[in-house]
Amino acid sequence: MELAEWCARWLGAAPVGELFRAGHLSVVRGLELADGRRVVVKCRVADEARVRGCVDVQRHLAGAGFPCPAPLAGPAPLACPAPLPGPALLGEEVVTAEEYVSGGEQLGGSGVDRARPFAEALARLVRLAPSPGAAGPLSPAPPWVGWEHGGAGVWPWPDDLDADLNAHPGPGWLDDLGRRVRERLLGTRLPRVVGHGDFESQNVWWRGGELLAVHDWDSVVALPEPAVAGAAAAVFTETGRAAERATVEESARFLECYVRARGVGWGREEWGVAWAAGLWVRAFNAKKAVVAGGGRELLDQLAAQAEARLRLMD
């Protein structure tokens, strides 16, 4: 089915113009329809059941007043307009449509200054999200938070690289770090919540200092709450440009603000899981970059922080 036919069937109008085209793991197109509406259509290779679960969460949050584009249609199959990375075994090509949210900007300031609004935004999301039992299937989690993968070895199959990370040993300290962190995360029995697993600055847009919209709802997860917050604390400063990864101090500030916003008290287990989840994200991204033939900057940044983050994890 072509895109115009898909829009006519599922949205009730064919596209007459393209507003933008982007994509990494998905082909994302902003479209103007014949009836004047503006929509965003996303096509990706994925498990349709998981995408449906993610859309259910997005729809629930939009209905609860959380700032995110409301889903309009899908998931439904389509032959994607361009090939997507990754092995074919990931699933079939599925499409969704959502509201087009225009404008906004990434939040400026230093990481510490930005920690509070980002942490409060995530806390609001988790508070309004449905329970894991009320949401559709959300497994498997994306690999950057995929320590629960069922495969052999430390590392799950990467999101945008057709390679088995476990078949490329080294650096030794990085594989050891991944193993140690994964064991820590698999050992927890903390209850799960529904949250956002890729809470980077480039997915969180603001207008006049107020939260405008959170994007990338394919990254919905059901994980222990400290793991959701810890992963976000490790990446919230990332705008899509290099060298903007959170320092230990920025991550600590984010977690402090998150706990305060949620009005909860964390013990040693919760704090340990939070720091472990952030370390997993950093270690996985570094391993993937190394296998892809680069990763020196990621490795150096991780090596400089690993000992401090491990102490906080333990």
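Up top is the structure these notes are about.
Keep in mind it's a predicted model, so treat the numbers as computed, not measured.

Visitor: Give me the lowdown on the overall build of the chain, citing residues and values where you can.
Guide: What the chain contains, in helices and strands, is 8 helices and 9 strands. Taken over C-alpha atoms, the radius of gyration comes to 19 Å for the chain, in line with the 20 Å a tight globule of 314 residues would show. Projected onto its principal axes, the C-alpha coordinates of the chain cover approximately 55 × 45 × 35 Å. Here the chain holds 314 residues, and the buried ones make up 53% of them.

Visitor: How would you summarise the nonpolar core if you had to cite specific residues and measurements?
Guide: Counting residues in each nonpolar core, the largest one holds 79 residues, and the members touching the most others are Leu61, Phe66, Phe199, Phe254 and Tyr258. For this core, the element with the most residues is helix H7 (residues 268–291), which contributes 13 residues. In contact with tyrosine 258, not counting residues within four places along its chain, are Ala119, Leu122, Ala123, Val126, Glu225, Ala229 and Trp266.

Visitor: Got a sec to walk through the packing of helix H5 (residues 225–235) against H7? Specific residues and values, please.
Guide: Interaxial distance between H5 and H7 falls to 7 Å at its minimum, and their mutual angle equals 45°. Of the possible angle classes, the one that applies to H5 and H7 is oblique. For the pair H5 and H7, the crossing hand works out as right-handed. Where H5 approaches H7, its residues Pro226, Ala227, Gly230, Ala231, Ala234 and Val235 are matched on the opposing element by Glu270, Val273, Ala274, Ala277, Gly278, Val281 and Arg282. Here the residues of the contact of H5 with H7 sort into 9 nonpolar, 2 polar and 2 charged.

Visitor: Lay out helix H1 (residues 3–11) with the relevant residues and their values.
Guide: If you check which residues of H1 are buried, you get Leu3, Trp6, Cys7 and Leu11. Looking straight down H1, one finds its buried side chains confined to an arc of 95°; they lie on one side.

Visitor: Explain the environment of aspartate 314 to me, using residue names and the numbers behind them.
Guide: Take aspartate 314: it is sitting in the segment after helix H8 (296–313). For aspartate 314 and alanine 276, which are 38 residues apart along the polypeptide, the C-alpha to C-alpha distance reads 8.7 Å. The residues touching aspartate 314, leaving out its near neighbours within four places in the chain, are Arg180 and Arg268. A distance of 2.4 Å separates polar atoms of two side chains, one belonging to aspartate 314 and the other to arginine 180.

Visitor: Explain the packing of helix H4 (residues 172–186) against H8 to me, and be specific about the residues and the numbers.
Guide: Their axes nearest at 12 Å, the elements H4 and H8 cross at an angle of 35°. As for how H4 packs across H8, the hand of that crossing is left-handed. Between H4, through Trp173, Leu174, Leu177, Arg180, Val181 and Arg184, and H8, the contact on the second element is made entirely by Leu299, Leu302, Ala303, Ala306, Leu310 and Met313.

Visitor: Could you give me a rundown of the pairing of strand E6 (residues 192–196), with the residues and numbers involved?
Guide: The buried fraction of E6 is high, at 4 of 5 residues. Bridge count for E6 against strand E9 (residues 220–224) is 5 bridges, and the pairing is antiparallel. Each bridged residue has a counterpart across the sheet, and for glycine 195 the counterpart in E9 is valine 221.

The rules we used
Residues numbered from 1 in each chain as written. Predicted model: local features only at pLDDT ≥ 70, side-chain atom pairs only at ≥ 80, totals over all residues. Heavy atoms only, no water. Helix = DSSP H or I, 4+ residues; strand = E, 2+ residues; numbered from the N terminus. Rg over C-alpha atoms; globule rule 2.2 N^0.38 Å. Buried < 20%, exposed > 50% of the residue type's maximum accessible area, 1.4 Å probe, protein only. Core = buried A, V, L, I, M, F, W, Y, C linked by side-chain atoms within 4.5 Å. Contact = heavy atoms within 4.5 Å. Axes fitted to C-alpha atoms, helices over the stretch in contact; angles between N-to-C directions. Parallel < 35°, antiparallel > 145°, perpendicular 65-115°, else oblique. Left-handed = near helix turned anticlockwise from the far one by under 90°. Nonpolar A, V, L, I, M, F, W, Y, C, P; charged D, E, K, R; others polar. Arc of directions from axis to C-beta. Polar contact = N/O pair within 3.5 Å; in protein donor to acceptor, adjacent residues only side chain to side chain. Pairing = 2+ DSSP bridges.

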